[in-house]
Amino acid sequence: VDSYIARLVAKGYKVAICEQLEDPALAKGLVKRDVTRVITPGTVIESTMLDESKNNFLACICIVGGLVGMCFADISTGSVHLTQFESKNSQRRMINELGRFMPSETVFNSALLKFEQVTEFIKNRVNSACDLLDDDCFDLSKASAAVLRHFGASSLSDLGLADADGAVAALGAALDYLKSVQKNELDNIKEIDYYGEGSFMRLDVSALRNLEITETMRNRERRGSLLWVLDRTKTSMGARLLRRYIEQPLRSVSAISHRLDAVEQLCGNYMQRSEISETLSGVLDIERLMAKISYGTANAKDLLAIGKSLALVPYLREQ
């Protein structure tokens, strides 16, 4: 069914997968059936439907109490990025965040409909599938409970979200939405990247486009962009990480120095670099393969791929 699902999802449709839940030979009367999963553009985990070099984000936007909370979750890798800021004069900031993550699906509360520039950007530039959720989904107490339950924390302070009501509402709504369509626990989502305005150099949509950071202006192709020039990664995981580094330049001097020290060590050791590069060439996309195991969709080929990749870990550690 994958080729048909891929075509439908690419057009923005949601696809419900219905399966038999009992053995027909043992069933009395009609065989019990139910929807076991709903596939949407932002919840795809099948590698055949995804670009291995970039994340597939679901965006959740919540505007409540003078705050904007934005959550970007990729269930195919388990990565979650979270931020919040004041809603006053925030349209440009929302557009910049959406332009950076380019979600394939966006869910939001009704308050976002008043921000016409943002909704226009989502519709015409991001080309994202959209879904308006009930405002009840963004209730703070309900969202807080969902977040604490998922991460097994006793308080929001333990997660670094003590004073982040907007972000918590967006994260809680995103987790509930993802669980409702996956019909499963989100076991591969274990960490939150909660970032503030000063964490990275701010690159607005115009800068990303005019500097041709990840795609060219004329044809919107990767070839000819800065990312295309720099990307010599050997794994899909490395390609996604490098893309994130380029789209989110660091501002902390200590973090920049730490990263440059690591680069310098490998640049100064050709033999070690070559050995590591050769070993990494055999490592497959462990992040997305593990996601398929978490959601119960992995097949024998996926398990063999993980085994092959993990067998190389001792050599990488040694190198």
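For the structure itself, consult the block above.
Residues numbered from 1 in each chain as written. Predicted model: local features only at pLDDT ≥ 70, side-chain atom pairs only at ≥ 80, totals over all residues. Heavy atoms only, no water.

1. Examining the environment of His 150
Relative to the helices and strands, His 150 resides in helix α4 (residues 140–151). When the C-alpha positions of His 150 and Glu 185 are compared, they lie 8.6 Å apart, and in sequence the two are 35 residues distant. Excluding anything up to four places from it in sequence, His 150 contacts Leu 175, Lys 179, Leu 186 and Ile 189. (Helix = DSSP H or I, 4+ residues; strand = E, 2+ residues; numbered from the N terminus. Contact = heavy atoms within 4.5 Å.)

2. Considerations on a nonpolar patch on the surface
On the surface, a nonpolar cluster with roughly 340 Å² of combined accessible area is contributed by Leu 226, Trp 228, Val 229 and Leu 230. Positionally, Trp 228 belongs in helix α7 (residues 226–230). Owing to a relative accessible area of 32%, Trp 228 belongs among the partly exposed residues under this scheme. (Patch = residues over 30% accessible without salt bridge, like charges linked within 9 Å, V, L, I, M, F, W, Y side chains within 5 Å. Areas by Shrake-Rupley, 256 points an atom, 1.4 Å probe, with all protein chains shown as cover. Salt bridge = Lys/Arg side-chain N within 4 Å of Asp/Glu carboxyl O. Buried < 20%, exposed > 50% of the residue type's maximum accessible area, 1.4 Å probe, protein only.)

3. Quick look at the packing of aromatic side chains
Any aromatic ring pair is given by two values, namely how distant the centres are and how the planes are angled relative to each other. The full count for this structure, using the stated rule, is four aromatic pairs. Both rings, one in Phe 101 and one in Tyr 195, keep their centres 6.5 Å apart while their planes meet at 35°; by these two values the pair is tilted. Of this pair, Phe 101 sits in helix α2 (residues 91–101) while Tyr 195 sits in the loop between β8 (193–194) and α6 (205–210), and the two are 94 residues apart along the sequence. Considered together, Phe 101 and Tyr 195 belong to a single accessibility category, that of buried residues. (Phe/Tyr/Trp six-rings, centres within 6.5 Å; stacked < 30°, edge-to-face > 60°.)

4. Quick look at the sheet that holds strand β3 (residues 58–64)
Spatially, the six strands line up as an open sheet ordered β7-β6-β3-β4-β5-β8, and their pairing is mixed. If you trace the sheet from one side to the other, it starts and ends with β7 (129–132) and β8, each paired once. Direction of pairing for β3 relative to strand β6 (residues 105–108): parallel, over a ladder of four bridges. Directly across from Ile 61, in β6, lies its bridge partner Phe 108. The strands touched by α2 within the sheet are β3, β4 (67–74) and β5 (79–86), with β4 carrying the most contacts at an inclination of about 5°. (Pairing = 2+ DSSP bridges. Axes fitted to C-alpha atoms, helices over the stretch in contact; angles between N-to-C directions.)

5. A closer look at the side chain of Thr 214
With respect to the element layout, Thr 214 can be found in the loop between α6 and α7. What makes Thr 214 buried here is its relative accessible area of 14%. Ignoring any residue separated from it by four or fewer positions in sequence, one finds Thr 214 in contact with Glu 221, Arg 222, Ser 225, Leu 227, Arg 243 and Glu 247.

6. Section: the pattern of salt bridges
Evaluation of the coordinates by the stated rule reveals 13 salt bridges. Put simply, Asp 285 and Arg 240 hold a salt bridge, and the shortest N to O gap is 2.8 Å. Residue Asp 285 is found in the loop between α10 (270–280) and α11 (286–294), and its partner Arg 240 is found in helix α8 (residues 236–247); the two are separated by 45 residues along the sequence. Neither residue differs from the other here; Asp 285 and Arg 240 are each classed as buried. One salt-bridge network, in which partners are shared between bridges, spans Arg 93, Glu 97 and Arg 100.

7. Let's talk about the nonpolar core
Counting 34 residues, the largest nonpolar core has Cys 60, Cys 71, Val 147, Leu 161, Leu 171, Leu 178 and Ile 189 as the members making the most contacts within it. Secondary-structure elements contributing two or more residues to this core are β3, β4, β5, α4 and α5 (165–182). Not counting residues within four places of it along the chain, the set of residues in contact with Leu 178 comprises Thr 43, Leu 58, Ala 73, Ile 75, Leu 186 and Ile 189. Judged by nonpolar contacts, the second largest core, of 23 residues, contains Ala 59, Met 70, Ile 95 and Phe 108. (Core = buried A, V, L, I, M, F, W, Y, C linked by side-chain atoms within 4.5 Å.)

8. With respect to the side chain of Asn 56
Relative to the assigned elements, Asn 56 resides in the loop between β2 (33–39) and β3. A distance of 3.1 Å separates a polar atom in the side chain of Asn 56 from the backbone oxygen of Pro 41. Apart from residues lying up to four places away in sequence, Asn 56 is in contact with Pro 41, Gly 42, Thr 43, Val 44, Leu 50, Ala 73, Asp 74, Ser 104 and Arg 288. (Polar contact = N/O pair within 3.5 Å; in protein donor to acceptor, adjacent residues only side chain to side chain.)

9. Some points on the pairing of β3
The side chains of a regular strand alternate, first on one face of the sheet and then on the other. Taking burial as the measure, the seven residues of β3 include six buried ones, the bulk of the element. Bridge count between β3 and β4: seven bridges; the pairing is antiparallel. In the sheet register, Val 64 faces β4, and the bridge partner there is Leu 67. Counted along the chain from β3 to the antiparallel partner β4, the turn is two residues long, and its residue Gly 65 has a positive phi close to 60°.

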